[in-house]
Every structure is written in structure tokens, then in C-alpha cells.
Amino acid sequence: MSQGKTYARACTGAALETTINHSMDDPQDIVLFGSCFCPFVQRVWVALEVLGIPYSVNEVDIYKNPKPDDLLEVSPKGLVPALKFCRYQPPRALNESTVIMNYLEDLAFNTTKRSLFPSASDPYARGLVRLIGDHVNRALVPSFYRFLQSQESGLRYKQVKTFVPLLKACGSGELTASRDGLGLWVEGNESLGWIDIMAGPWLFRANNVLKHYRSFVMPSGARFDAYLARLFEHPKFKMTCSDEDLYLQSYERYAFNRPNTSQVADAINSGRALP
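Given the structure is predicted, the values throughout are model-derived calculations rather than measurements.

Colleague: Explain the environment of Thr-240 here, please?
Modeller: Along the chain, the position of Thr-240 falls in the loop between α10 (235-238) and α11 (244-250). Under the relative-accessibility criterion, Thr-240 is labelled buried at 2%. Residues Thr-240 and Thr-19, 221 residues apart in the sequence, show an inter-C-alpha distance of 8.6 Å. Not counting residues within four places of it along the chain, the set of residues in contact with Thr-240 comprises Ala-15, Gln-42, Trp-45, Val-46 and Tyr-247. A polar contact is formed between the side chain of Thr-240 and the backbone oxygen of Phe-237, at a distance of 2.7 Å.

Colleague: When you look at unusual backbone geometry in this model, what are you seeing that I'm missing?
Modeller: Outside of glycine, negative phi angles account for most residues, and trans bonds account for most peptide bonds. Val-80 connects to Pro-81 through a cis peptide bond whose omega is 10°. Here Pro-81 shows up in the loop between α3 (69-74) and β3 (82-85). Unusually for a residue other than glycine, Lys-113 sits at a positive phi of about 65°. The topology assignment puts Lys-113 in the loop between α4 (97-110) and α5 (123-149). Residue classification places Lys-113 among the exposed residues on the basis of a relative accessible area of 63%. Phi at Asn-260 is positive, roughly 60°, even though this residue is not glycine. As for its placement among the helices and strands, Asn-260 is situated in the loop between α12 (252-255) and α13 (263-270).

Colleague: Help me understand the sheet that holds β3, please; the structure alone is not making it clear to me.
Modeller: Two strands in a sheet stick together by hydrogen bonds in their backbones, pointing the same way (parallel) or opposite ways (antiparallel). Pairing within the open sheet is mixed, and its four strands lie in the order β2-β1-β3-β4. Looking at strand neighbours, the two that pair on one side only are β2 (56-59) and β4 (92-95), the edges of this open sheet. Adjacent strand axes in the sheet meet at a mean angle of 25°, parallel and antiparallel pairs treated alike. Alignment of strand β1 (residues 30-34) against β3, held across four bridges, turns out to be antiparallel. Paired with Leu-32 across the bridge in β3 is Leu-83. Contacts from helix α2 (residues 39-51) reach β1, β2 and β3, with the element oriented near 150° to β1.

Colleague: Quick question: what am I supposed to make of the layout of surface pockets here?
Modeller: It is the rolling of a water-molecule-sized probe over the atoms that shows where space remains empty. Here the largest pocket defines a volume of roughly 780 Å³. Along the wall of the largest pocket there are 41 residues; nearest its centre are Phe-40, Leu-79, Val-264, Leu-274 and Pro-275. With seven residues, α5 is the single largest residue contributor to the lining of the largest pocket. Residues that form the lining of the largest pocket fall into these classes: 21 nonpolar, 11 polar and nine charged. Approximately 160 Å³ is the volume found for the second largest pocket. Along the walls of the second largest pocket sit Glu-105, Asp-106, Phe-109, Lys-113, Arg-114, Ser-115, Phe-117, Pro-118, Ser-119, Ala-120 and Arg-126, which together make up its complete lining. No other element matches α4, which puts three residues into the lining of the second largest pocket. Counted by class, the lining of the second largest pocket contains four nonpolar, two polar and five charged residues.

Colleague: Whenever I open this one, the pairing of β4 confuses me. Can you help?
Modeller: Within a regular strand, the side chains alternate between the two sheet faces. Sheet analysis places β3 next to β4, joined by four bridges and oriented antiparallel. Bridge assignment links Phe-85 to a residue of β4, and that residue is Arg-92. Between the end of β3 and the start of β4, which pair antiparallel, lie six residues.

Colleague: For this particular structure, what's the right way to read the environment of Pro-235?
Modeller: Mapped onto the fold, Pro-235 is located in helix α10. For Pro-235, a relative accessible area of 56% corresponds to the exposed category. The spacing of Pro-235 and Ala-14 is 221 residues in sequence and 9.9 Å in space, taken between C-alpha atoms.

Colleague: For this particular structure, what's the right way to read the packing of α5 against α13?
Modeller: In a pair of packed helices, the angle between the axes and the distance between the axes together describe the arrangement. With their axes 10 Å apart at the nearest point, α5 and α13 run at an angle of 80° to one another. The angle between the axes of α5 and α13 places the two elements in the roughly perpendicular class. Of the residues in α13, those touching α5 at Pro-142, Tyr-145, Arg-146 and Gln-149 are Val-264, Ala-265, Ile-268 and Asn-269. In the contact of α5 with α13, the residues fall into five nonpolar, two polar and one charged.

Colleague: How do you make sense of the packing of aromatic side chains when you look at a structure like this?
Modeller: In this description, a pair of aromatic rings is defined by centroid distance and the angle of the planes. Counted under the stated rule, the structure contains 16 aromatic pairs. Summarising the aromatic geometry, the rings of Phe-37 and Tyr-251 are spaced 6.5 Å apart at their centres and angled 90° between planes, so their arrangement reads as edge-to-face. Linking Phe-37 in the loop between β1 and α2 with Tyr-251 in the loop between α11 and α12, this pair joins segments that are 214 residues apart in sequence. Measuring from centroid to centroid gives 5.9 Å for Phe-204 and Phe-237, while their planes differ by 75°, and the two rings are edge-to-face. A residue pair is termed long-range when its members are at least 10 positions apart, and Phe-204 in helix α8 (residues 194-214) and Phe-237 in helix α10 qualify at 33 residues. Residue Phe-204 is classed as buried on the basis of its relative accessible area, which comes to 12%. Judged by relative accessible area, which is 1%, Phe-237 ranks as buried. Across the ring face of Trp-194, the terminal group of Arg-130 is positioned such that the distance to the ring centre comes to 6.0 Å.

Procedures and definitions
Residue indices begin from 1 for each chain and proceed along its sequence in written order. Owing to the predicted nature of the model, reporting of local features is limited to residues with pLDDT of at least 70; listing and counting of side-chain atom pairs is limited to 80 or more, with chain, interface and lining totals taken over all residues. Side-chain numbers come from the whole structure's heavy atoms, not from hydrogens or water. Starting at the N terminus, helices and strands are each numbered in turn, a helix being any DSSP run of H or I of at least four residues and a strand any DSSP run of E of at least two. Buried, partly exposed and exposed residues are distinguished by accessible area as a fraction of the type maximum, computed with a 1.4 Å probe on protein chains only: under 20%, between the cut-offs, and over 50%, respectively. We call two residues contacting when some pair of their heavy atoms lies within 4.5 Å. Two N or O atoms form a polar contact when they lie within 3.5 Å of each other; inside protein one atom must be a possible hydrogen donor and the other a possible acceptor, and for residues adjacent in sequence the pair counts only when both atoms belong to side chains. Whether two strands pair depends on DSSP finding at least two bridges between them. Here an angle of 0 to 180 degrees is reported between the N-to-C directions of two axes, which are lines fitted to C-alpha atoms, with helices fitted over the stretch in contact. Definitions used for this entry: grid spacing 1 Å over protein atoms alone; cavity, a set of points where a 1.4 Å probe fits but cannot get out; pocket, an open set with protein on both sides within 12 Å along at least 5 of 7 lines; lining residue, one with an atom within 4 Å of a point. Grid points are joined across faces, edges and corners, and a volume is the space filled by probe spheres set on the points. Polarity classes work like this: nonpolar for Ala, Val, Leu, Ile, Met, Phe, Trp, Tyr, Cys and Pro, charged for Asp, Glu, Lys and Arg, and polar for all others, with Gly in that last group. Throughout this description, any angle smaller than 35 degrees is read as roughly parallel, any larger than 145 degrees as roughly antiparallel, any in the 65 to 115 degree range as roughly perpendicular, and the remainder as oblique. Each Phe, Tyr or Trp ring (for Trp, its six-membered ring) is paired with any other whose centre lies within 6.5 Å, and the angle between the two planes then decides the class: stacked below 30 degrees, edge-to-face above 60, tilted in between. Whether a charge lies above a ring is judged from NZ of Lys or CZ of Arg, which has to be within 6 Å of the ring centre and within 35 degrees of the ring normal.

Right, dumping it as C-alpha cells:
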């Protein structure tokens, strides 16, 4: 039964400590506009940390009406994540999580020398990793929302039958060539890769939000269980996670499919592509 919960507006737990350490009191060239519960934001946040790129965090209320002016300046749709580049006059901006992650990968190549991908000397391996990432965007992510927003038990069963194989598919591919991009999926790797960051925020929410609202049980197996443990406990991932209650509070609107929940929820309900 719905308890009328609304969305959280500020990080808690480890994520709160990270926002304090990257507050607007110590402005950097790159400012990340984000909301505490958003998995698309978490993608970019983890990438910034793994790639070692300096940044500041500006937490914004994306559902405020009217939307904050500073958000609309960097994201005309009023969506997060968005990056603001303060070194330019006037400042420049980027939005859309995958676009931003590609930008950060290119920036790191010229600055921190870190990467989320296999070596540039193996473009085919890099292409395979991008292909799996595209599968995450096209299949795993919308399947998560369809399952969460389904209100009929029969439809939920259909969605979970779709969702579980997609979870198991994360990290498939030619392991030897693609091991750096597949990150923690490959035993012995200690650094997060492109696929960890692309899929991780939804795996994390499947483990708490779907478990709570849909009695979802994550697929089990020695390798998959070990992978999830490494992912969820990895310092660079964990430092962007709030306490579980924040997600349960913020996703109740999706679980009961309330009208005007978000542009993402509206797209799922109408059968359109995600914004």
C-alpha cells in the first residue's frame, strides 16, 4: 500500500560525505548537476571518481516547478545528469549520461591517463564493450522501469522473465580482449570498467528497490554473486550510494505508477524511448 512518500532531495550516508568533499564551496571547473536518487547521475558520478577528474556537485530538485534556472542553463529539458564547464565564458554544458561518460573518457585520456576501456590499440575490444553498454541502455534500463511500474501481477511476471536474463547478460563478450572494459566482471580486475558503471546503478536498485516493492530476488550463482559483492563494495561505487531508505522513499512513486512521476516513467507508460 502506498504511503504517500515523495522523493528525497539530498544524499545520505556515504554519498552525503562525498558531496561534502566536492561541495560548491570549493568550486572546480566541472560542476555535476545531479539528484541523489537518480541512477543516470550515479553513472557519471562513479566515472568522475574512477577517472580521477576534479569536480564539484550541485544537488538540484529536478521536479521543482518551475525548474531551477541554473539547471535549465545546462540542461534545456531540465534533466540530470548535466555538466557545467566553468572555464568558458559563457560557461558550456553537456547532458545525457552516456554522452558525458564518453566525454570524461576522452578528457581523462589527455589528463589523468586513466580509462574505463580496453587499450586504444585494440579498437575491436573497445567496440565490443560499447556494444554491451548499448545493450544496457536499450534493454536493461527500460526493463527495470517496466517491471517496477507494472501494476498487474501477470504483467509483472512477464517483465521479470525479461529482466532476469538481461541481468545475467551483463558482462558477456570476449573476456580476454575486453577485460578492462568489463571491469569487475573479470576475476582479478580491481578497477571499475565501462560496463560496471553503465549497469551498476540499476543492479544496485534491483537489489533494494525491486526487492522491496516487487519481492524481486536477484539471479544467483557463484560468479554473479561474487561480481555483485565486488561491485557494491567497491570504494568508488560505494561512495556514491546513499542509505537504502532514500531509494525506497524516492521510488515509491514509480512502484505505484503515480501520474507525473517523471519523464522516464511517462515514456515507459506510453511505450516511447527514454528521454
